[in-house]
Amino acid sequence: MTTKSSEEAELLARLQSQFGDMNVNEFLNGCPNNDTTEDDDSESSVEEPTPEELQAWQEAQFARGKMRLQTKEILDDAATARRRRQRSEKEEDKDWERVPAAPELDGTSIFFPSNADGMDLAAGVHPLLQKLVNFDPEVLGTQWRCLYSSSGGDGVSFRNLIDKIRAYSGSTMLLFGGVPSATRCLGDTNNSKQVSIGFFTFDTWTESEHMFGSDDECFLFALDYESNDVKVFPSRLRGNAAKKVTKKYMYCNPSSGATRSGKTDGSCHGVGFGGTPSQPRLHITESLEDCRALSHDALFEDGDLMLGKGSESLYYFDVNEIEVWAVGGDFDQQLAAQAKQKEIELATLEHARQVDKRQLLDHIENGFAWKSHNNPGLFGHRDSR
């Protein structure tokens, strides 16, 4: 009997393990094993499977493979979610090391200029923008698309701002630049004290008299160009897996009439972040003047949003620059959904207006208009004839 080399024996063992009950040695040699005493035409002791049994076995193998793939996908998703929610320093030190990610802006930003003097722009990203992205690189280190820019042709307009963000369901980054309010300033007006305040959210913008938005990953922030730093004020519940309450962080309540009184029924007109409808932590008024940035509220971590530049103006400021950026991608799909939602809202409003007009005309024709107690209506004299 010929002695096989170690390589041949190893290959034969691998083949034998793959083909199970089949005698690979006999198959390769084309003859039965020398130790076999049965004739070639003798019947095998193993019964051939029926077509039904073979089909059942194939279906079981397919289901097992499909289950393995699904299990792998579930485990991969769980691992991604776990990494996404690792916020504490202890977890970061053990399991996750943040890697700087560079965002991709589809245009220029007055808050993060590409030609800043005295700053290292070797990486092609403004240092303040990179520091902001480093707060949450997995989300912010992605694509950005400009939805609104006051310096890019949209103007400093509250109505234009609302029109751009209303019904947009993707993630948005809002930035407001301004100076301490001249009308509120206790001393000499100093317009050189520029303030830059921003807000990031995953929630959809809707017009409402009530607070909305429940994603605890939102945050306020302030840009400090003097120290080249970013101060972030996250939600107090950010990363708290044991939370048992749902907070509302956003407020968008434009006035419906031409009068801009500032408040109605205790609720502020304009856009607010944190705080309450009557006193938001950050309040952007419809006139974009006498906006206010408070240092604390119950929703976000405490801190001075104006970075020491608002004490003389009682923390009021006037907005002179606005930008809104969509973050995360799928922009075309989100914008198409926004346009569709606006069409639905417009059609609903127009239908309501037509119904109101018809009801008024019906009331007038039926003589119900301006009735008071037992006095007849506008056309009541017709019935007295």
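What you see as residue numbers is a count from 1 along each chain, following the sequence as written. The model is predicted, so local features are restricted to residues of pLDDT at least 70 and side-chain atom pairs to those at 80 or more, both for listing and for counting; the totals for chains, interfaces and linings are taken over all residues. Water and hydrogen atoms play no part in the side-chain values, which are based on all heavy atoms of the structure.

Here we take up the layout of surface pockets. A volume near 390 Å³ is recorded for the second largest pocket. Broken down by element, the residue count for the lining of the second largest pocket peaks at six residues, all from helix 9 (residues 331-365). Each residue gets one label: Ala, Val, Leu, Ile, Met, Phe, Trp, Tyr, Cys and Pro are nonpolar, Asp, Glu, Lys and Arg are charged, and the others, such as Gly, are polar. Considering only residue class, the lining of the second largest pocket consists of four nonpolar, three polar and six charged. Here a cavity is any set of points on a 1 Å grid over the protein atoms alone where a 1.4 Å probe fits but cannot get out, and a pocket is any open set with protein on both sides within 12 Å along at least 5 of 7 lines; a residue lines the site when it has an atom within 4 Å of a point. Grid points are joined across faces, edges and corners, and a volume is the space filled by probe spheres set on the points. Helix and strand assignments follow DSSP, with helices taken as H or I runs no shorter than four residues and strands as E runs no shorter than two, numbered in order from the N terminus.

Only protein chains enter the area calculation, which uses a 1.4 Å probe; residues under 20% of their type maximum are buried, those over 50% are exposed, and those in between are partly exposed. Within helix 5 (residues 127-134), six of the eight residues are buried, leaving the element largely enclosed by the surrounding structure. The complete set of buried residues in helix 5 reads Pro-127, Leu-128, Leu-129, Gln-130, Leu-132 and Val-133. Should any heavy atoms of two residues lie within 4.5 Å, those residues are counted as being in contact. Residues of helix 5 that are buried sit in contact with strand 1 (104-105), helix 6 (137-140), strand 2 (143-149), strand 3 (171-180), strand 5 (219-224) and strand 6 (229-234).

With that settled, consider helix 8 (residues 158-165). Buried within helix 8 we find Phe-158, Leu-161, Ile-162 and Ile-165. One side of helix 8 holds all its buried residues, which, seen down the axis, span an arc of 95°. Its side-chain oxygen placed 3.5 Å from the backbone nitrogen of Arg-159, Ser-157 serves as the N-cap of helix 8. Directly beyond the C-terminal end of helix 8, a positive phi value near 75° is found at Ala-167. In this context, the arc is that of the directions from the helix axis out to the C-beta atoms. Nitrogen and oxygen atoms within 3.5 Å of one another constitute a polar contact, given that in protein one can donate a hydrogen and the other can accept it, and given that sequence-neighbouring residues count only through two side-chain atoms.

This part covers the packing of aromatic side chains. For this analysis, a ring pair means two rings from Phe, Tyr or Trp (six-membered ring only for Trp) whose centres lie within 6.5 Å, classed as stacked if their planes differ by under 30 degrees, edge-to-face if by over 60, and tilted for the remaining angles. Using the criterion set out here, one finds 11 aromatic pairs in the structure. With a centroid separation of 6.0 Å and an interplanar angle of 50°, the aromatic rings of Phe-219 and Phe-221 are classed as tilted. When its relative accessible area of 1% is taken as the criterion, Phe-219 is described as buried. Chaining the aromatic ring pairs together yields one cluster made of Phe-176, Phe-199, Trp-205, Phe-212, Tyr-249, Phe-273 and Phe-300. To sit over a ring, a charge needs its Lys NZ or Arg CZ within 6 Å of the ring centre and within 35 degrees of the ring normal. Over the face of the ring belonging to Tyr-316 we find Arg-184, whose NZ or CZ atom lies 4.1 Å from the ring centre. Directly above the ring of Phe-233 sits Arg-281, whose terminal nitrogen or CZ lies 5.7 Å from the centroid.

Looking now at unusual backbone geometry. Negative phi values dominate among residues other than glycine, just as trans dominates among peptide bonds. Positive phi outside glycine occurs at Ala-167, with the angle close to 75°. In this fold, Ala-167 is placed in the loop between helix 8 and strand 3. One non-glycine residue, Asn-228, adopts positive backbone phi at about 55°. Relative to the helices and strands, Asn-228 resides in the loop between strand 5 and strand 6.

On to the pattern of salt bridges, then. Take a side-chain nitrogen of Lys or Arg and a carboxyl oxygen of Asp or Glu: if they are within 4 Å of each other, that pair is a salt bridge. According to the stated counting rule, one finds 12 salt bridges in the structure shown. Close ionic contact of Asp-332 with Arg-145 constitutes a salt bridge, the shortest N to O distance being 3.0 Å. With Asp-332 in helix 9 and Arg-145 in strand 2, the pair connects residues that are 187 residues apart, well separated along the chain. Its relative accessible area of 55% is what places Asp-332 among the exposed residues. When salt bridges with common partners are traced through the structure, they connect Asp-106, Arg-145 and Asp-332 into a single cluster.

Time to look at the nonpolar core. Nonpolar cores are built from buried Ala, Val, Leu, Ile, Met, Phe, Trp, Tyr and Cys residues. Side-chain atoms within 4.5 Å join them into one set. Membership of the largest hydrophobic core comes to 42 residues, with the highest contact counts inside it found for Trp-205, Phe-273, Leu-282, Ile-284 and Phe-317. The dominant element in this core, judged by the number of residues it contributes, is strand 13 (residues 316-327), at five residues. In contact with Leu-282, not counting residues within four places along its chain, are Ile-197, Leu-220, Val-271, Gly-272, Phe-273, Arg-292, Ala-293, Leu-305 and Phe-317. Met-173, Leu-175, Phe-221 and Val-327 belong to the second largest nonpolar core, which has 20 residues in total.

Along the chain, Cys-252 falls in strand 7 (residues 250-253). On a C-alpha basis, the gap between Cys-252 and Pro-277 in space is 9.1 Å, while along the polypeptide they are 25 residues apart. For Cys-252, the contacting residues outside a window of four places in its chain are Ile-162, Trp-205, Thr-206, Glu-207, Ser-208, Phe-212, Gly-270 and Val-271.

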